[in-house]
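Reading the structure
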Amino acid sequence: MDIHTQVGEIIKKTQETLPETIERIDYEVGVDYDGDDAVRVWVILKDEDIPTQWTFEERSKVRRAIFSAIHESGLPHWPFISFRATSEEPPLLIPR
C-alpha cells in the first residue's frame, strides 16, 4: 500500500472519532523544510460552528487525535496540523 493510501486511511479512521462539525480533513504527504518526511493536515471547520464549538481546547483534542493516529501507525512522517474555516478557501489537495 502506498503512503498516500495509508495516510488517507488513517485520516478517515480518525475522523470517524471526531466531532461531526468538522467539514472535512485535507492532507498532503511530502517533506518538511529539512527534507524529513511530513504530512500536512488541514482540518476544515464549518463556519457557523467556529465561535461556539472550536475553542483552543477543542482544537487541541483534534490535533492530538490526528497526531497520535499517525505516530501510532508507525509512519515516520511528522504531522503538521492546522485549522481553517470552510469559507477560507476551496479544498486544498486530497479530500476524503
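Please refer to the structure placed before this passage.
Predicted model only: the values in this text are computed from it and were never measured.

**Some remarks on helix α3 (residues 56-72)**
Taking 1.5 Å as the rise per residue, α3 with 17 residues should run 24 Å; its terminal C-alpha atoms sit 24 Å apart, in good agreement. The elements touched by buried residues of α3 are α1 (3-15), β1 (22-31), β2 (37-45) and β3 (78-85). Looking one or two places after α3, you find G74, whose phi comes out positive at around 90°.

**Description of the pairing of β1**
For a regular strand, the rule is simple: side chains alternate between the two faces of the sheet. When β1 meets β2, the two strands line up antiparallel, connected through 9 bridges. Across the sheet, the residue bridging to Y27 is V41, located in β2. Connecting β1 to the next strand, β2, in antiparallel fashion are 5 residues, including G35 with a positive phi near 90°.

**Here we look at the pattern of salt bridges**
One pass over the full model with this rule turns up 3 salt bridges. A salt bridge links K61 to E57, with the shortest nitrogen-to-oxygen separation between them at 3.9 Å. Taken together, the residues span about one helical turn, with K61 and E57 both in helix α3 at a distance of 4 residues. Classification of K61 by relative accessible area gives partly exposed; the value is 40%. A salt bridge links E58 to K61; its shortest N-O distance comes to 3.3 Å. One end of the pair, E58, and the other, K61, are both in helix α3, 3 residues apart, so they sit about a helical turn from each other. Connected through shared salt-bridge partners, E57, E58 and K61 make up one network.

Calculation notes
- Residues numbered from 1 in each chain as written.
- Predicted model: local features only at pLDDT ≥ 70, side-chain atom pairs only at ≥ 80, totals over all residues.
- Heavy atoms only, no water.
- Helix = DSSP H or I, 4+ residues; strand = E, 2+ residues; numbered from the N terminus.
- Expected span 1.5 Å × (residues − 1).
- Contact = heavy atoms within 4.5 Å.
- Pairing = 2+ DSSP bridges.
- Salt bridge = Lys/Arg side-chain N within 4 Å of Asp/Glu carboxyl O.
- Buried < 20%, exposed > 50% of the residue type's maximum accessible area, 1.4 Å probe, protein only.

Taken by themselves, the reported measurements are silent on function.
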